[in-house]
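# Fold and contact review
Chain residues, written in single-letter form:
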Amino acid sequence: MSVVNSPADGHDQTRRAVGGGHPRLHVRVPNERIVFMRMRTSQDRAADAITSFAGSLPFVYLHAAWFGVWVLMNEGVFGQAEVFDPYPFGLLTMIVSLEAIFLSTFVMVSQNREAARQNLRADLDFETNLRSEVWSVHIGKALGLDAEQIERHVQEIIEQARAGISNGQAAPMDPRTLLEERPEYDRKPPLPQS
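Reference entry: report on the structure contained in this document. Within each chain, residues carry numbers counting from 1 in the order of the written sequence. Given that the model is predicted, a residue must reach a pLDDT of at least 70 before its local features are reported, and side-chain atom pairs must reach 80 or more before they are shown or counted; all residues, however, enter totals for whole chains, interfaces and linings. Neither water nor hydrogens contribute to the side-chain values; these are computed over all heavy atoms in the structure.

## Topic: the overall build of the protein
Note the threshold: To qualify as a helix, a DSSP run of H or I must reach at least 4 residues; to qualify as a strand, a run of E must reach at least 2; elements of each kind are numbered from the N terminus. With a 1.4 Å probe rolled over the protein chains alone, any residue whose accessible area is under 20% of its type maximum counts as buried; one over 50% counts as exposed, and the rest are partly exposed. Each accessible area is a Shrake-Rupley estimate made with a 1.4 Å probe; only the visible protein chains count as cover when residues are assessed.
Assigned secondary structure in the protein consists of six helices and three strands. Put simply, the protein runs from its N terminus to its C terminus through helices and strands in the order β-β-β-α-α-α-α-α-α. Counting across all 194 residues of the protein, residues that qualify as buried make up 18%. Total accessible area on the protein is roughly 14,600 Å²; 62% of this is exposed by carbon and sulfur atoms.

See the structure below:
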């Protein structure tokens, strides 16, 4: 039995002999979440945690309380000895500006990584779709179906769906219309098993 490790996800692609006969290829499609989690660094996790907290209601409540106390304190409500940043609150303005700069940077870092995650997801979707298409073609051949005729049927359905979307009349497809017997499919005898 030979084992090939995929560098992207650490999953095994293993050939096993089934009943001492033909080797069987065992391929596991990587899970996008697992691959993405392995790509994250400690800096990425910190940026995500900050961005997540900054986008929450506790962040809003904390800042509302902080600004309220700051303004009340510097308006002399707790006594003139407590005033350290009188109106127009220049120190508060500077702190809030610096916080906004850093938070916007953390948000951009998280957005860039989310874009990378979307690219990874698209790559894995493409791989899965390609694998499904190859399997479908082989199954169709084994069943003796005419691949060109089926592809024409698929193109008709795609065009109908696109026309419905462009007209604003997109409706779910009835699965029975996709599976109904089509007399134009030339059934060929199944290929002999080798």
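Picking up where we left off.
## Quick notes on the pattern of salt bridges
Selection rule: A carboxyl oxygen of Asp or Glu within 4 Å of a side-chain nitrogen of Lys or Arg is what we treat as a salt bridge.
Within this structure, the stated rule accounts for five salt bridges. Arg 40 serves as the salt-bridge partner of Asp 48, at 3.0 Å between the closest nitrogen and oxygen. Using a relative accessible area of 24% as the deciding quantity, one classes Asp 48 as partly exposed. Between Arg 131 and Glu 127 there is a salt bridge whose closest N-O contact spans 3.4 Å.

## Focus on the environment of Phe 59
Keep this limit in mind: Residues are treated as being in contact if the distance between any of their heavy atoms lies within 4.5 Å.
By the secondary structure assignment, Phe 59 is in helix H3 (residues 57–74). Excluding residues within four positions of it along the chain, Phe 59 makes contact with Phe 53, Ala 54, Glu 99 and Leu 103.

## Some details on helix H5 (residues 147–166)
To be explicit about the condition: By this rule, a helix spans an expected 1.5 Å times one less than how many residues it contains. Directions pointing from the helix axis toward each C-beta atom define the arc. Whenever two N or O atoms come within 3.5 Å, that pair is a polar contact, provided that in protein one can donate a hydrogen and the other can accept it, and provided that, for residues adjacent in sequence, both atoms are side-chain atoms.
Taking 1.5 Å per residue, 20 residues should reach 28 Å; H5 reaches 28 Å between its end C-alpha atoms and fits that length. When we look at burial in H5, the residues that qualify are Gln 149, His 153, Ile 157 and Gly 164. On an axial view of H5, the arc spanned by its buried residues comes to 80 degrees, and they lie on one face. The exposed residues of H5 that point more than 90 degrees off its buried face are Glu 148, Arg 162, Ile 165 and Ser 166. At the N-terminal end of H5, a side-chain oxygen is found 3.3 Å from the backbone nitrogen of Glu 148, two or three residues along, and the residue is Asp 146. A positive phi of about 75 degrees marks Gly 168, the residue just after H5.

## What about the packing of helix H1 (residues 32–39) against helix H4 (residues 90–143)?
Keep this limit in mind: Convention adopted: a line fitted to C-alpha atoms gives each axis, helices being fitted over their contacting stretch, and angles between N-to-C directions are expressed from 0 to 180 degrees. Here the word oblique covers every angle except those under 35 degrees (roughly parallel), over 145 (roughly antiparallel) and from 65 to 115 (roughly perpendicular). Each crossing gets its hand from how the near helix is turned against the far one by less than a right angle, where anticlockwise is left-handed and clockwise is right-handed. As a working rule, the residues Ala, Val, Leu, Ile, Met, Phe, Trp, Tyr, Cys and Pro are called nonpolar, Asp, Glu, Lys and Arg charged, and the rest polar, with Gly in that last group.
Where H1 contacts H4, the axes come no closer than 10 Å and their chain directions differ by 140 degrees. On the basis of the axis angle, H1 is oblique to H4. Relative to H4, H1 is oriented so that their crossing is right-handed. Along the contact surface, H1 presents Glu 32, Arg 33, Val 35, Phe 36 and Met 39, while H4 presents Arg 113, Arg 117, Leu 120, Arg 121 and Leu 124. Along the lines of polarity and charge, the residues of the contact of H1 with H4 split into five nonpolar, no polar and five charged.

## Notes on the packing of aromatic side chains
Note the following rule: For this analysis, a ring pair means two rings from Phe, Tyr or Trp (six-membered ring only for Trp) whose centres lie within 6.5 Å, classed as stacked if their planes differ by under 30 degrees, edge-to-face if by over 60, and tilted for the remaining angles.
The final tally for this structure, using the stated rule, is five aromatic pairs. Relative to Trp 70, the ring of Trp 66 has its centre 6.2 Å away and its plane inclined at 80 degrees; by these criteria the two rings are edge-to-face. Taken together, the residues span about one helical turn, with Trp 66 and Trp 70 both in helix H3 at a distance of four residues. Through pairs of rings, three or more aromatic residues link up here, namely Trp 66, Phe 67, Trp 70 and Phe 84.

## Points about H1
Of the positions making up H1, those classed as buried are Glu 32, Val 35 and Phe 36. Down the axis, H1 shows its buried residues gathered within 95 degrees of arc, on one side only. Exposed side of H1, more than 90 degrees from the buried face: Arg 33 and Arg 38 are the residues found there. In this structure, the buried residues of H1 make contact with H4.

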